[in-house]
Amino acid sequence: MILDEIDFTDNDLSNLDFVETYITSSLFNGNVFKNTNFGGAELYDCFFKDIEFENCNFGKTTFNYTKFLSSKFINCNLIDLETLETQFEELLFENCFINSAFSNCIVKDVDFKDCTFASTEFWQCIIESLKFFMKKKDLDIIKLIKEINTGTIERPTFIKDQEAVEYFKSRCIMYNI
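Enquirer: Any chance you could explain helix α2 (residues 161–170) here in plain terms?
Expert: Residues three or four positions apart in an α-helix share a direction because the helix packs 3.6 residues into each turn. Those residues of α2 not exposed but buried are Ala164, Val165, Tyr167 and Phe168. The buried residues of α2 occupy an angular sector of 165 degrees when the element is viewed end-on, so they sit on one face. On its buried face, α2 is in contact with β15 (126–134), α1 (141–144), β16 (147–149), β17 (158–160) and β18 (172–176).

Enquirer: Before we go on, may I ask you to explain the environment of asparagine 104 in this structure?
Expert: Within the element layout of this structure, asparagine 104 appears in the loop between β12 (97–99) and β13 (106–113). Of the residues examined, asparagine 104 reaches a relative accessible area of 26% and is grouped as partly exposed. Sequence spacing of asparagine 104 and phenylalanine 122 is 18 residues, and the spatial spacing of their C-alpha atoms is 7.7 Å.

Enquirer: Would you mind going over the nonpolar core with me for this structure?
Expert: Side chains of nonpolar character tend, in soluble globular proteins, to be buried together. In this structure, Phe53, Phe93, Phe102, Phe112, Phe122 and Phe168 are the most contacted members of the largest nonpolar core, which totals 52 residues. At the level of elements, β9 (67–74), β11 (87–94), β13, β15, α1 and α2 are the ones that each hand at least two residues to this core.

Enquirer: Help me understand the packing of aromatic side chains in this model?
Expert: A ring pair, where both rings are aromatic, is described by two values, the distance of the centres and the angle of the planes. Going through the model one piece at a time under the given rule, you end up with 35 aromatic pairs. With a centroid separation of 4.6 Å and an interplanar angle of 10 degrees, the aromatic rings of phenylalanine 48 and phenylalanine 68 are classed as stacked. Taken together, the positions of phenylalanine 48 in strand β6 (residues 47–49) and phenylalanine 68 in strand β9 put the pair 20 residues apart, joining distant regions of the chain. Judged by relative accessible area, phenylalanine 48 falls into the buried class, the value being 1%. Centroid distance phenylalanine 53 to phenylalanine 73: 4.5 Å. Interplanar angle 20 degrees. Geometry classified as stacked. In this pair, phenylalanine 53 is assigned in strand β7 (residues 52–54) and phenylalanine 73 in strand β9, connecting sequence segments 20 residues apart. Phenylalanine 73 shares its class with phenylalanine 53; the two are buried. The ring of phenylalanine 133 carries the charged tip of lysine 113 above its face, separated from the ring centre by 5.4 Å.

What counts, and where the lines are drawn
Counting restarts for each chain: residues are numbered from 1 in the order of the written sequence. It should be noted that, the model being predicted, local features are given only for residues of pLDDT at least 70 and side-chain atom pairs only at 80 or more, the latter also being counted only at that level, while totals for whole chains, interfaces and linings use all residues. For the side-chain quantities, the full set of heavy atoms in the structure was used; hydrogens and water were omitted. A simple rule labels every residue: compare its accessible area, found with a 1.4 Å probe on the protein chains alone, to the largest value its type can have, and call it buried under 20%, exposed over 50%, or partly exposed in between. Only DSSP runs of H or I with at least four residues qualify as helices, and only runs of E with at least two residues qualify as strands; both kinds are numbered from the N terminus onward. The arc in question is the one traced by the directions running from the helix axis out to the C-beta atoms. Contacts are residue-level and defined by heavy atoms, with any inter-residue pair within 4.5 Å sufficient. Remark: nonpolar core denotes a set of buried residues (Ala, Val, Leu, Ile, Met, Phe, Trp, Tyr, Cys) joined through side-chain atoms within 4.5 Å. Stacked, edge-to-face and tilted labels apply to pairs of Phe, Tyr and Trp rings (six-membered ring for Trp) whose centres lie within 6.5 Å, assigned for plane angles under 30 degrees, over 60, and everything in between, in that order. Here, a charge over a ring is recorded when the distance from Lys NZ or Arg CZ to the ring centre is within 6 Å and its angle to the ring normal is within 35 degrees.

Structural data, given as structure tokens:
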């Protein structure tokens, strides 16, 4: 299915199946997604604002050139995402399973509350003001961070290994709850 240039503003899109759906240049504002399956969906140049995602599956979902602003992800699975030049800003991820989710994107002003991280995350991302609230012992940042972008999307400057880890630590706050 292909959905192009659709305004989904203020709709409850719960219990829908967007598996392998192609959505481009669409607006999502004030929506609720509960128990929604985005597995394998491809979303290009979409805009999400004031959204609540609850119990949603984002396995192998593509979010390229997409913006997520002022939204919440509660009990969601974010696995093997493609996020080329996607912006994640002013978000809350709570009790989410995150595996290979963020790469080549911007992650700014984001709170992660009791999320489970697996595999390398934030690959070549621009990061700023991240907060991690974890019940478990501290995150294994050395496994989490391999390469960070300290430049811009248009003019990336990549740092690796320990330098990337130190940069990441300087842009994040870790809390044990």
